[in-house]
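# Observations on the model geometry
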Amino acid sequence: MTNEQKNARFLKINSGDNVVVALNRIESGEYFFDVTATESIDAGHKMALADISAGEAVIKYGQPIGRAAINIKAGQHVHTHNLKTSITSFDEYKYQPLTALPFNIIGSKAGSFFGYRRSDGKAGIRNEIWIINTVGCVNSISERIALKAKERFGEMVDDIIAIRHPYGCSQLGDDHENTRLILKGLAEHPNAAGVLILGLGCENNIPVDFMRLLGDYDKERYRLLIAQEYEDEEAAALTMIGELAAYSGKAKRIEISLDELVIGLKCGGSDSFSGITANPLVGRISDILTTYGGTTILTETPEMFGAENILMNRCETPGLFEKMVVMINGFKGYFARHGQAVYENPAPGNKDGGISTLEDKSLGCIQKGGTGTVTDILAYGGQVRAKGLNLLDGPGNDLIAITALAAAGALLILFTTGRGTPAGAVVPTIKISSNSGLAGRKANWIDFDAGVLLDGQPMEELTDDLWRMILDIGSGKRKTKNEEYGYRELAIFKDGVIM
């Protein structure tokens, strides 16, 4: 970022942009970049640097974020009242592969973390016991069991968690299969040293059949309890958890190479600073980790619309490019089946924060994936197979996305936010604020403040700080706010009929 691109009040993100972003509220009559603001402009919102004719592209991040709906004069506020999306329902794409630039790791980047080696060979960063319900009917029972189990066995493991959800019965087709796949991914997650599968007994997610999904599983690590088969299911569950705790408590942290670290990438409650501070910072972390041979997972398919060409051209092979085309157009088809426009985004909070169109949001969103090569495309409910940057199909909804990331194998999640949210996944979720005001107001939600980039702190220094935090959290030296406060959510994507 050069001095020509930034001053104390406005930021020009790319030299080719025809709009700039206000870093603070601007009053009419103030003069910047040889342009006088002709109206007041809130922080995070855009000002035109030159006259933009109706139909002409508005450029931010060096890319079009839509077209002027009317003639826009230099110095005017550019937002939803005079800017419209250019996204269409379906597009044809051509593979124009980009050569990924080698990422130069500088600064204090360590090459390992201290985690747990599971019997299936996977590495985890927590030593917890998870109670996974096959059906929502046992949610309250599982929470009672978890509370009692913590009192008895809590000192033997990092935590004992009840994972609740409303599904597992009366679902048909893909919805039923999605529920099973997500729960399978969680049951196999290496952060869970021990797993109690808790069923009711009459659900169509038949508990015994669900166990078969796990294949040849470690009998010491898993227990199955079907509540209808016990007179006192709580007493039986506590006996089983006691056995799991005795097994799990033997695990010790060992040094593990960074090529086994898997990090999920997510943004929610974004503002226009998300694409300027927090998301690019996370992108650098993604580039560092994948350079070490590790894995990152980027999701939120509809928040790639308008920026998908950038990711498509970073696909490692033509076959992956074709899979991404299917992923993008498949999600557009989902919108079409429900009679919804594909550009029904950004959300009201995004717009209040200065994001005007879906392209504006998407170009900021995908920066979490850094500059690396896309090495795999995962279907919803899929689990990581390839190291490097993975794209995971799924909606942008925060709870569904973080659940899918955990089920895919993310050991922790980097979650950027400009408006703020307390939501966390079943895995450690590092909340990164895009602005310092949010970090100050919501210290009980936010783990890391990326807003200091706007005050001049160098990106490299901040990258080092976040990298050290990730390794500390991954090595068990500290907890995230979602762990401290018990903010662990789960939601599963649904697109069909419930009986």
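Because the structure is a prediction, the values reported are computed rather than measured. (Residues numbered from 1 in each chain as written. Predicted model: local features only at pLDDT ≥ 70, side-chain atom pairs only at ≥ 80, totals over all residues. Heavy atoms only, no water.)

### Remarks on the overall build of the protein chain
When helices and strands are counted, the protein chain shows 13 helices and 23 strands. Its C-alpha atoms give the protein chain a radius of gyration of 24 Å, near enough to 23 Å, the size a compact globule of 499 residues would have. C-alpha extents for the protein chain along the principal axes are approximately 75 × 50 × 40 Å. Among the 499 residues that make up the protein chain, the fraction classed as buried is 58%. Taking the intrachain contacts of the protein chain between residues at least 6 apart in sequence as the baseline, contacts between residues at least 24 apart amount to 71%. Carbon and sulfur atoms form 50% of the exposed surface of the protein chain, whose accessible area is close to 19,300 Å². (Helix = DSSP H or I, 4+ residues; strand = E, 2+ residues; numbered from the N terminus. Rg over C-alpha atoms; globule rule 2.2 N^0.38 Å. Buried < 20%, exposed > 50% of the residue type's maximum accessible area, 1.4 Å probe, protein only. Contact = heavy atoms within 4.5 Å. Areas by Shrake-Rupley, 256 points an atom, 1.4 Å probe, with all protein chains shown as cover.)

### Some thoughts on the environment of Ala235
Tracing the chain through its elements places Ala235 in helix 4 (residues 233-248). Through-space distance from the C-alpha of Ala235 to that of Lys148 is 9.9 Å; in sequence the pair is 87 residues apart.

### Some details on the sheet that holds strand 13 (residues 159-163)
In space, the four strands of this open sheet follow the order 13-12-14-15, with parallel pairing throughout. Strands at the two margins of the open sheet, each flanked by one partner only, are strand 13 and strand 15 (222-226). Taken over all neighbouring pairs, the strand axes of this sheet differ in orientation by 15° on average, direction set aside. As paired strands, strand 14 (residues 192-199) and strand 15 are joined by five bridges and run parallel to one another. Among the inter-strand pairings, Val195 is bridged to a residue of strand 15, identified as Tyr222. Relative to the sheet, helix 1 (residues 139-153) contacts strand 12 (128-133), strand 13 and strand 14, its axis offset from that of strand 13 by approximately 175°. Against the sheet, helix 2 (residues 173-187) makes contact with strand 12, strand 13, strand 14 and strand 15, and its axis sits at roughly 165° relative to strand 12, the strand it touches most. (Pairing = 2+ DSSP bridges. Axes fitted to C-alpha atoms, helices over the stretch in contact; angles between N-to-C directions.)

### Side note on unusual backbone geometry
Even without being glycine, Asp34 reaches a positive phi, approximately 65°. Note on placement: Asp34 falls in the loop between strand 3 (31-32) and strand 4 (35-36). Here Asp34 falls in the exposed class, since its relative accessible area comes to 67%. Within the chain, Tyr61 stands out as a residue other than glycine whose phi angle is a positive 60°. Mapped onto the elements, Tyr61 comes out in the loop between strand 6 (57-60) and strand 7 (63-68).

### A look at the sheet that holds strand 21 (residues 412-417)
Strand order in the open sheet made by the seven strands is 19-20-18-17-21-22-23, with parallel pairing throughout. Each edge of the sheet is formed by a strand with only one pairing partner; in this case those strands are strand 19 (374-378) and strand 23 (448-449). Helix 7 (residues 318-337) rests against strand 19 and strand 20 (388-392) of the sheet, and its axis sits at about 40° to strand 19.

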